[in-house]
Structure formats: C-alpha cells, structure tokens
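Descriptive structure summary
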Amino acid sequence: MSRRHQEEPGAHPDWASDDDKTLRRNQRHLRRESVRSLAELTKGTRFLGYGPPGPAAGVVWLREKRPPLDETTDQLAGTYPFVAGTGLPYFGQYHGVNRLSGSAWGWDGQVAYAQGILSNPAMVIYGVIGSGKSMGAKSILWRGMPFGRKWAVPGDIRGEYVRLCRAAGGEPIVLGPGSPMRFSPLATPARPEGIHEGFWRETIANHRSTTLSSLAKAALQRELSPSEKTALDLALRSAVNDDGDVDRWKQPTLGEVCTWLLDPPRDVLSRELIPNVQRFVDETYDLALTMRLLVRGVFAGVLDVDTDKTIDASRPAVVVDLSRLQLDDASLALVVTCTQAAIELGVQFDPAVWTICYDEVWRYMRFYGLVGRLANRIKVVRDLVGGIPLLIAHRPSDWQTGDPRLDSIAEGMLKDIDVHVVHRQSAIEAQAAGRMLSLTSTVVDMLTGLDQGSAIWRVVDRKGISHHLVVDHVIDANGAEWPIMQTDSALVDDYRQIADAGRQMSTLIDKQRQAPVTVGASS
C-alpha cells in the first residue's frame, strides 16, 4: 500500500460504508468544504490548491489581498525611514501639480533661501525643443510679479519675451535694423536717491572697467595681459576725461575707447612712465582690432552711441530684443556681455528682487569672458545685487565644450546651482544628465517619456539631500496667460493644461489660496 494511503485516517463510525473508495471520497469532500469556508472568511482570497500530501495534508496556500498603501510624504518618511523623504513645502507662486502627490506646486527661490531650504536660489531649466521649457520659464517670471518680483532678459535671441514684457508693463529695448533704439554698455544711469556722489562715482568706474575687461576676454577668448589691462584703463580714462574734475566727467563711448587703442597717444604713454612704448603698442595690437569689431560691421551704430539712456529699473520687466541682429555665437556673446553688465548696474540699487533670465545659454558657453562673469554672478547671488540667474538650456551636456578651462568653470556653476528642472530628454542625453546631475536610474528612465510641460525638479537642500519631484506645469488655455506665454503654435493643442480630467482648475486655485504663501509676498 502507498504511503499516502497508509497515512489516511480510519473510517468514522457514523459513515454508512467503510470501504476505501467511499472513505477517500468523503475525505476529499470535507477538505473542499473547509477550503470554501476559509475562503469565505478571508473575503475573496483565491483557492490555489489542496496542500501537500503527508502530515501537512489539508494545508492550503491562499493569496492574501491587502488594500494599497496610501500615505502622505510625512507619514511615508516615518514608515520607511532613510528611504522616503519628507518632500518640500508649497510656497511662492503657483507653477503646477506635483504628479506623485496630486498637490499644487509652487516655487520662489528667494523665499526658499530665506527659509533655509537652499544655499543658492539660482535655477537652470533643461529641455529639448517643444518640451515646454520656455513656457515654464515665462510662468516663473510672470507669476512672480504679484509677489514683488521683477525680471529681465539680457539677450532675447528670438524675440519671444517681447509680448510678455509689454504685458508686464515694460518696454523692450529692440536693437538692429529698422529700430531707432540705441544702447551703450558704458552709459551711466541717474544716481539713485540716497546714494553718495563719491560712492556712485566709484561704482560707475568699477562697472565700466569690468565691462570693458569682460568684453575683451569674450572677444579674445583668453585672459588679458598686463599691457592690455593697462591699455583699457588708459583708454577709458581718456574717454571720460577723468582728471579729477567732477564737472568734466562725461559719458564715454566704445568708439572713443577703440580709437585710443588703435592709435595710443605717445605723450600719454610717456607720462604714464611706460618704458618701451613700441613694445606696448605691439602687445595691444590684437586687443585694438578686436574691440574695433564692436563699432563696425553688424554693430555699427548699435553699441557705439553717445547716450545716457540705459536700463530703466523702475519698470517691472526689461527685455533686450536681439532678434533683428541675426548674430553668430561670438557676436551674441559680446552683445549679451554688454547688456548683462548694464542690467546688473541698473538693478543694483533697486530694493525689489530681480530674476535675470539667460535663454539659449549653450550659445554662450564657449566664450570665456561671459561664462566667467556669469559664474561669478551665481557665486555671489545671495547678495541680490545683480539679480537671481535663471538659465535655460537644451540639455545638461551643453555645459561641456571640450575646453578644460571652460569645462572647469561650468562644473563649478553646476555645483553652485541647487535647482535643476529637467524636461524631456533623448535616451543618450538622459544618461548624460544622470551622470552630470547625479540622478537615480529611476529618474533617468523617466526623462525620455515626459509629456510636454512636465519636468523633474531636482532640488538640493542645505544638508546636501536631493529631492526629486515630477511636476506638471499648468496653464489655463482660456485664460490671459496663454497668448503671452505660448512659444509655438504647435503646442497650443498638445501642451499640458491639467494633469487629468479629475483635477479642475478651480481645485488647483483653491489649493493655492489655502497654501501659506504670505512669506513670498515680502521682498
């Protein structure tokens, strides 16, 4: 007899027959009835088998059904410590919906720094063409205005910020053919009230000197030699007639500086105790020809003007429209260096917090002077003198130029910036973004499938902890924002308006009103 049959229990005295066949049939019947009863008690668990033979006969494995775990980010951090973070609070202007939590998401770099969340309020936005990065940047600029924020775009290459500027109450500065507007990077704005005359003179002198130095570095693509630095200083002093008499302190022009560099007065060089005049002239020859490019050719009559008109910081927005110039990358870097310096001077004594938006930064990264100036501005952004930089690029690899010197500066900039907003990327660029920004493999896999208007926000707090959020940027297509924010008509029908049909705009606005955003209103 088999082992299974040997281990079967004996016949029950109440059974009508004690033959083996009837015994086994009744045993199977009892086992099945017990399994069905157990299934009823466990509320719908599925019957998977009779159990193994032998002493454990009758033990049935049942698949347990549990309800899904529904937790807030605070509760989840306690349930899974060191695995799930507590998330970031809502503050500042409304931006969109946090896809993972379903809550409204707002951001204000200055408030985040004031609350001790960030060590640097600068921000960079990445995204391929058509991913919605420009609309996201415009939303940050536009929706920050009710909180007292102002904004500026030193180089609007395609003219896409002009409508936004006019809607905000500003007047864009249009440079190029057909425009009567002119701009001088050496122009001096009116002295603000409460600023001492002596301090103002020193500020202006330092501004002009650093502007000329940055222009020369961007054009020459290298550091300046001692002879070139001396030549710029003497040319600028001659252009302003700076002999110590305040009444003779006039507005200089780039043309006057270039004329002096091309033919330096020998008597001036002798008075400055320059030992070898001819050697000095030879060493500054390349600088003179390079600076000449700023007053000839495509720039003729654009930057070389005798005017005191410069950035008007009293308006809520400033945009320098360069769409008519159709410049190459080298010329664009020179113009943006001029406009950047003028904007920094114009907003330096404004009590409002300014956001300075640099679009298409990939076109600047090969030019040493502009990149160095931008990196320095990011490092000292906490003083709020020159505004908070907002950089826009296509991909994180735009920071890599192949030049070890420039790549070192760019690497430092990436480490200084705590907020990276990454829209959709290609598969190759997603892997590069993961390496450069220290993204997890899960985040890297998500980058290739993001919708238009959706982005992954990587926020590094002061403790060095990275927070990753999937945010859907929300714009009401029937509201006043859409005509001034949409960049391409192809995005009108496809751009993310609301995360899903269950979330209505009224619900999102109610969340925004209920959120504690009063701190963001203070400047």
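Relevant structure appears above.
Residues numbered from 1 in each chain as written. Predicted model: local features only at pLDDT ≥ 70, side-chain atom pairs only at ≥ 80, totals over all residues. Heavy atoms only, no water.

Some points on the packing of helix α8 (residues 226–240) against helix α9 (residues 254–262)
Heads up, the rule is: To get an axis, a line is fitted to the C-alpha atoms, and for a helix only the part in contact is used. The angle between two axes follows their N-to-C directions and goes from 0 to 180 degrees. A run of H or I in DSSP counts as a helix once it spans at least four residues, and a run of E counts as a strand once it spans at least two, with each numbered from the N terminus. We call two directions roughly parallel when the angle between them is under 35 degrees, roughly antiparallel when it is over 145, roughly perpendicular when it lies between 65 and 115, and oblique otherwise. Rotating anticlockwise by less than a right angle from the far helix to the near helix defines a left-handed crossing, while the corresponding clockwise rotation defines a right-handed one. We call two residues in contact when some of their heavy atoms are within 4.5 Å. Side-chain classes follow a simple rule in which Ala, Val, Leu, Ile, Met, Phe, Trp, Tyr, Cys and Pro form the nonpolar group, Asp, Glu, Lys and Arg form the charged group, and the remainder, Gly included, forms the polar group.
The geometry of α8 relative to α9 is characterised by a closest axis approach of 9 Å and an angle of 125° between their N-to-C directions. In terms of their interaxial angle, α8 and α9 are classed as oblique. For α8 against α9, the interelement crossing comes out right-handed. Of the residues in α9, those in contact with A231, L232, L234, A235, S238 and A239 of α8 are E256, V257, W260 and L261. Tallied by class, residues from the contact of α8 with α9 come to eight nonpolar, one polar and one charged.

Structural notes on a nonpolar patch on the surface
Stated formally: Patch membership needs two things, relative accessible area over 30% and no salt bridge, and members are linked within 9 Å if like-charged or within 5 Å if nonpolar (Val, Leu, Ile, Met, Phe, Trp, Tyr). Note on areas: these come from Shrake-Rupley sampling with a 1.4 Å probe, and a residue is covered only by the protein chains present in the view. What counts as a salt bridge is simple: a side-chain nitrogen of Lys or Arg found within 4 Å of a carboxyl oxygen of Asp or Glu.
Where nonpolar side chains cluster on the molecular surface, the patch consists of L262, Y285 and L289 and spans about 290 Å² of accessible area. Along the polypeptide, Y285 turns up in helix α12 (residues 285–292).

Considering the packing of helix α7 (residues 197–220) against helix α13 (residues 329–347)
Viewed as axis vectors pointing N to C, α7 and α13 meet at an angle of 160°, and their least axial separation amounts to 9 Å. The pairing of α7 with α13 is recorded here as roughly antiparallel in orientation. Pair α7 / α13 crosses with right-handed handedness. Across the interface between the two elements, T203, I204, H207, T211, S214, L215, A218 and A219 from α7 touch L334, T337, C338, A341, A342 and L345 from α13. Partitioning the contact of α7 with α13 into residue classes produces nine nonpolar, five polar and no charged.

Let's talk about the side chain of R458
Note the following rule: Relative accessibility under 20% of the residue-type maximum defines a buried residue, over 50% an exposed one, and the middle range a partly exposed one, all with a 1.4 Å probe and only protein chains included. For this count, His and the chain ends are skipped, Lys and Arg are scored as positive, and Asp and Glu as negative. Any N or O atom pair separated by 3.5 Å or less is treated as a polar contact, with the protein-specific requirement of one donor-capable and one acceptor-capable atom, and with residues adjacent in sequence counted only for side-chain atom pairs.
Relative to the helices and strands, R458 is located in strand β10 (residues 454–460). It is D418 that comes nearest to the buried, bridge-free R458 among opposite-charge side chains, at 7.1 Å. Within the structure, the side chain of R458 is placed 2.8 Å from the backbone oxygen of L437, a separation counted as a polar contact. In contact with R458, not counting residues within four places along its chain, are D418, V419, H420, L437, S438, L439, S466, H467 and H468.

What to know about the sheet that holds strand β7 (residues 353–358)
Strand pairing in a sheet is mediated by backbone hydrogen bonds. Such pairs are either parallel or antiparallel. Our working rule: Between any two strands, at least two bridges found by DSSP are needed for them to pair.
An order of β2-β1-β11-β10-β9-β3-β8-β7-β4-β6-β5 is seen for the 11 strands of this open sheet, with the pairing classed as mixed. At either margin of the open sheet sits one strand with a lone partner, and together these are β2 (104–107) and β5 (173–174). With four bridges connecting them, strand β4 (residues 149–156) and β7 associate as parallel partners. When the bridges of β7 are listed, R149 appears paired with V353.

So, the pattern of salt bridges
On inspection of all chains with the given rule, the structure shows 18 salt bridges. Notably, a salt bridge pairs D233 with R237, separated by 3.3 Å at the nearest N-O pair. On the criterion of helical spacing, the pair formed by D233 and R237 is a turn pair, its members being four residues apart in helix α8. With relative accessibility at 42%, the residue D233 sits in the partly exposed group. The class for R237 is partly exposed, based on a relative accessible area of 35%. A salt bridge links R395 to E429, with the shortest nitrogen-to-oxygen separation between them at 3.9 Å. With R395 in the loop between β8 (388–393) and α15 (404–416) and E429 in helix α16 (residues 427–437), this residue pair connects regions lying 34 residues apart in the sequence. Note on E429: relative accessible area 17%, which makes it buried. Several salt bridges converge on common partners, so that one network encompasses K138, R158, E160 and E360.

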